[in-house]
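# Chains, contacts and geometry: an overview
Here's the letter readout for the chains.
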Amino acid sequence: MTASYPVHEFNGNLAETPDEGNFIRQFKNAGYDSYFIGKWHQRGEGTLPTEFGFDASYASTNAGGVYSHFFPFNPEDDAMNSPIGEVEPIRDVEADSREGDYLIDKLTDKMIGYVTTHDRSVPFFAVLSTYAVHTPFQAKREDIERNETQIADFDFGSGPEYEPEGNGVTKLRQDNAVYAAMVENMDWNVGRLLKALNEAGLDENTIVVFTSDHGGLSNRGNNNRELATTNSPLRAGKGHLYEGGIRVPLLLRWPNRIAPGVDEKSIVVLMDLMPSLLDLTVEEKMSGVDGLSFVPVLNGTQTWDDRTVFFHEAQARPNATGDFPCTALRAGSFKFYHFLETDHYELYDLSDDPSERTNLVETRPDVADRLTNELNHWTAQYRIR
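Residues numbered from 1 in each chain as written. Predicted model: local features only at pLDDT ≥ 70, side-chain atom pairs only at ≥ 80, totals over all residues. Heavy atoms only, no water.

## Observations concerning the environment of G300
Here G300 is to be found in the loop between α9 (295-298) and β9 (308-313). Of the residues examined, G300 reaches a relative accessible area of 60% and is grouped as exposed. Distance in space between the C-alpha atoms of G300 and D263 is 9.1 Å, their sequence separation being 37 residues. (Helix = DSSP H or I, 4+ residues; strand = E, 2+ residues; numbered from the N terminus. Buried < 20%, exposed > 50% of the residue type's maximum accessible area, 1.4 Å probe, protein only.)

Right, here's the structure in full:
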């Protein structure tokens, strides 16, 4: 949201983001209306979507999840005892819903209503941030039953269901029918939104972006939580800085303006998204941010396969997701890790080891030394340690 590394985000107070580094204010200056729907997950004064600059928001509180994906979603009496921890009621969507309603359906309804009734003379920037797919695992009965049948007919082979990872295990099978049903419902709702844009005559003049915040929940620590999925052949999942934890889909659609294609080589991160959207729409450049416009990648004039980007995880959750505090970087095809508590280093070449199985620290000391210096320079620059 700030087009910068999280360690550089003004101590989490989004209201303090200067205008030149605040993408939503840049869109507003260009005449755009803005609307945020769904999960926001920020805490503290000055952190709500409207305080960051959005004109309006819906179902957006400090809650990081919901007590139930079926109405009532975060009831006042039960929210403090949620299976995912303390959450807040999301009162506006509660007021619009009734027994049996499924949350992502209601949020998608709201977004469809916004984009199809919006004043056509004013451009809009809208974000649909669903509370799915996320714990608790809950889906519609008919979707679950269909996936149970498909999973029952699938041969997973004789391999193990779990393998050791970090402070716990990682899952190796996609056999959770409820989670699969949630993903399927997400896909259906994306289709509903695209169909609505098409029927309203807005699809060719609307950029649609689909992405996620992290890899699937495939890891647990020393607890016995239910796991959702596997990210195999990528290593680990949510909570970890291994590829299974941080590599996510990024799809952009702009008919007749962005040519269909796939780029499997360029290194793009989500802090690049807002500079890119500003570049595509109002041809404005963001200053004072870490993210870059990847428009040259989209139009095929550049391939970013030699870029260096950094990752930092200070608040690890060894009991919940089995990860440990770590700083990492990606430099071209190399991925380098420094585990902070044990002073342990790992190095992988993703070009021929995307599963990160062969640690090259001892066999490629030249690369390890170079990347250690780069990592130390970055952490000193951002005053991380």
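## Details of the packing of aromatic side chains
According to the stated counting rule, one finds 24 aromatic pairs in the structure shown. Judged by centre distance (6.3 Å) and plane angle (75°), the rings of Y5 and F310 are edge-to-face. Taken together, the residues Y5 in the segment before α1 (23-29) and F310 in strand β9 connect sequence positions 305 residues apart. Summarising the burial analysis for this pair, Y5 and F310 share the class buried. Considering the side-chain rings of F54 and F125, the 6.4 Å spacing of their centres and the 45° angle between planes classify their relative orientation as tilted. (Phe/Tyr/Trp six-rings, centres within 6.5 Å; stacked < 30°, edge-to-face > 60°.)

## Quick look at unusual backbone geometry
Of the consecutive residues A132 and V133, the connecting peptide bond is found in the cis state with omega at 0°. Within the element layout of this structure, V133 appears in the loop between β3 (124-129) and α5 (141-152). Residue P136 is reached from T135 by a cis peptide bond, and omega for that bond is 0°. Relative to the assigned elements, P136 resides in the loop between β3 and α5. Although it is not a glycine, A236 sits at a positive phi angle of roughly 65°.

## Considering a negative patch on the surface
A cluster of acidic residues, D263, E264, D305 and D306, forms a negative patch at the surface. By secondary structure assignment, the location of D306 is in the loop between α9 and β9. Its relative accessible area of 64% is what places D306 among the exposed residues. (Patch = residues over 30% accessible without salt bridge, like charges linked within 9 Å, V, L, I, M, F, W, Y side chains within 5 Å. Areas by Shrake-Rupley, 256 points an atom, 1.4 Å probe, with all protein chains shown as cover. Salt bridge = Lys/Arg side-chain N within 4 Å of Asp/Glu carboxyl O. Lys, Arg positive; Asp, Glu negative; His and termini not counted. Charge placed at Lys NZ, Arg CZ, Asp CG, Glu CD.)

## A look at the nonpolar core
Y5, L329, F336, Y337, L347 and L371 are the most contacted members of the largest nonpolar core, which has 28 residues in total. Among the secondary structure elements, those contributing two or more residues to this core are β9, β10 (326-331), β11 (334-339), β12 (344-349) and α10 (365-381). The element best represented in this core is α10, accounting for five residues. With sequence-adjacent residues up to four places away left out, Y337 is seen in contact with L241, Y242, E243, C326, T327, A328, H344, Y345, E346, Y348 and E356. Grouped together as the second largest cluster of nonpolar side chains are 26 residues, F125, W254, L273 and M274 included. (Core = buried A, V, L, I, M, F, W, Y, C linked by side-chain atoms within 4.5 Å. Contact = heavy atoms within 4.5 Å.)

## Observations regarding the sheet that holds β9
Strand order in the open sheet formed by four strands is β9-β10-β11-β12, with antiparallel pairing between adjacent strands. Pairing within the sheet leaves two strands with one partner each, and these edge strands are β9 and β12. Strand-to-strand twist across the sheet, computed as the mean angle between neighbouring axes with direction ignored, equals 15°. Sheet analysis places β10 next to β11, joined by six bridges and oriented antiparallel. Counterpart to A331 in the pairing with β11 is F334. (Pairing = 2+ DSSP bridges. Axes fitted to C-alpha atoms, helices over the stretch in contact; angles between N-to-C directions.)

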